[in-house]
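# Observations on the model geometry
Each chain, written out:
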Amino acid sequence: MSEQTPYLWKDKKHHLWFPLSFTTYYIEDERLMIKEGFLSTTLEETLLYRIVDLTFRQSLAGKLFGTGDIILKTKVDSTPEITLKNIKKPMEVRRLLSQAIEESRQTRNVVGKEFYGGPSHEHMDADDDGLCDIDNKPL
C-alpha cells in the first residue's frame, strides 16, 4: 500500500482558468516545491523559513478568472526570487504561505538578524579567541 504525502497546498500554473501546464507548485514538510517539465522534469525545493518577503500581483485577466502571481523573495543564492505564476485563489495562498513561513521560523528558532544583515558569529570573532570582538562576551 502506498502512502501519499499530505500537502499543505498544491496547485498548477494556470492559463486563464485552465490548469494546462507542466508546472506544479506544492508545500510539504516546511518546503515549497516547484516541479516543472513533461519529458524532462526539474524539482526545485526552497525551505519556507528562507522566504523573507511575499508580493501579490493580479492582472485584470487574473481578476476575471480568479488567478494571480505570488512573488517570493528568498535568502537563497541560487534563486533569490521565485514566482508562483497564475495560481488560483492567490490571496488565500498568500495568507497560507505567510502563516506557514512564520510557523517554520518558530519551529526552527530562526530570528530576523539571520536574514537582514545582522552580524554572524564568524564575523563577530575575528581573532578566534571565543569572545565576541564587538563587546568581549563569550559567543
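The rules behind the values
- Residues numbered from 1 in each chain as written.
- Predicted model: local features only at pLDDT ≥ 70, side-chain atom pairs only at ≥ 80, totals over all residues.
- Heavy atoms only, no water.
- Phe/Tyr/Trp six-rings, centres within 6.5 Å; stacked < 30°, edge-to-face > 60°.
- Helix = DSSP H or I, 4+ residues; strand = E, 2+ residues; numbered from the N terminus.
- Buried < 20%, exposed > 50% of the residue type's maximum accessible area, 1.4 Å probe, protein only.
- Salt bridge = Lys/Arg side-chain N within 4 Å of Asp/Glu carboxyl O.
- Pairing = 2+ DSSP bridges.
- Axes fitted to C-alpha atoms, helices over the stretch in contact; angles between N-to-C directions.
- Patch = residues over 30% accessible without salt bridge, like charges linked within 9 Å, V, L, I, M, F, W, Y side chains within 5 Å.
- Areas by Shrake-Rupley, 256 points an atom, 1.4 Å probe, with all protein chains shown as cover.
- Core = buried A, V, L, I, M, F, W, Y, C linked by side-chain atoms within 4.5 Å.
- Contact = heavy atoms within 4.5 Å.
- Polar contact = N/O pair within 3.5 Å; in protein donor to acceptor, adjacent residues only side chain to side chain.

## Concerning the packing of aromatic side chains
One pass over the structure, following the stated rule, counts three aromatic pairs. Ring geometry for Trp9 and Tyr25: centres 6.5 Å apart, planes at 5°, overall stacked. Residue Trp9 is located in strand 1 (residues 9-12), and its partner Tyr25 is located in strand 2 (residues 23-28); the two are separated by 16 residues in the primary sequence. With respect to class, Trp9 is no different from Tyr25; both count as buried.

## Remarks on the pattern of salt bridges
Within the structure shown, the criterion is met by five salt bridges. One salt bridge in this structure joins Lys73 and Glu81, with 2.8 Å as the shortest N-O distance. A relative accessible area of 43% means that Glu81 is categorised as partly exposed.

## Some details on the sheet that holds strand 6 (residues 67-74)
Taken together, three strands build an open sheet; the order of strands is 5-6-7 and the sheet is antiparallel. If you trace the sheet from one side to the other, it starts and ends with strand 5 (51-57) and strand 7 (81-88), each paired once. Taken pair by pair, the neighbouring strands of this sheet meet at an average axis angle of 20°, ignoring direction. The sheet contact formed by strand 5 and strand 6 spans six bridges and is antiparallel. Looking at the pairing, Leu54 lines up with Leu72 of strand 6.

## A look at a nonpolar patch on the surface
On the surface, a cluster of nonpolar side chains totalling about 430 Å² of accessible area is made up of Phe22, Phe38 and Leu39. Note that Phe22 resides in the loop between strand 1 and strand 2. What makes Phe22 exposed here is its relative accessible area of 52%.

## Section: the nonpolar core
Among the nonpolar cores identified, the biggest contains 16 residues, and Trp9, Leu48, Leu72, Leu84 and Leu97 are the most heavily contacted of them. Mapped onto this core, the elements with two or more residues apiece are strand 2, strand 3 (31-36), strand 6, strand 7 and helix 2 (90-108). Per element, the largest residue contribution to this core is four residues, and it comes from helix 2. Aside from chain neighbours lying at most four places away, what touches Leu84 is Trp9, Tyr25, Leu32, Ile34, Gly68, Asp69, Ile70, Leu72 and Leu97.

## Concerning the sheet that holds strand 2
If you trace the four strands from one edge of the open sheet to the other, you get 1-2-3-4, paired in antiparallel fashion. Of all the strands in the sheet, the pair left with one neighbour each is strand 1 and strand 4 (42-47). Averaged over all pairs of adjacent strands, the angle between strand axes in this sheet comes to 15°, irrespective of strand direction. Bridge count between strand 2 and strand 3: six bridges; the pairing is antiparallel. Looking at the pairing, Tyr26 lines up with Met33 of strand 3.

## A short note on the side chain of Ser21
For Ser21, the position within the fold is in the loop between strand 1 and strand 2. When its relative accessible area of 11% is taken as the criterion, Ser21 is described as buried. Polar contacts involving the side chain of Ser21 include one to the main-chain amide nitrogen of Thr23, which spans 2.9 Å. With residues near it in sequence (within four places) discarded, Ser21 still touches Lys12, Lys13 and His15.

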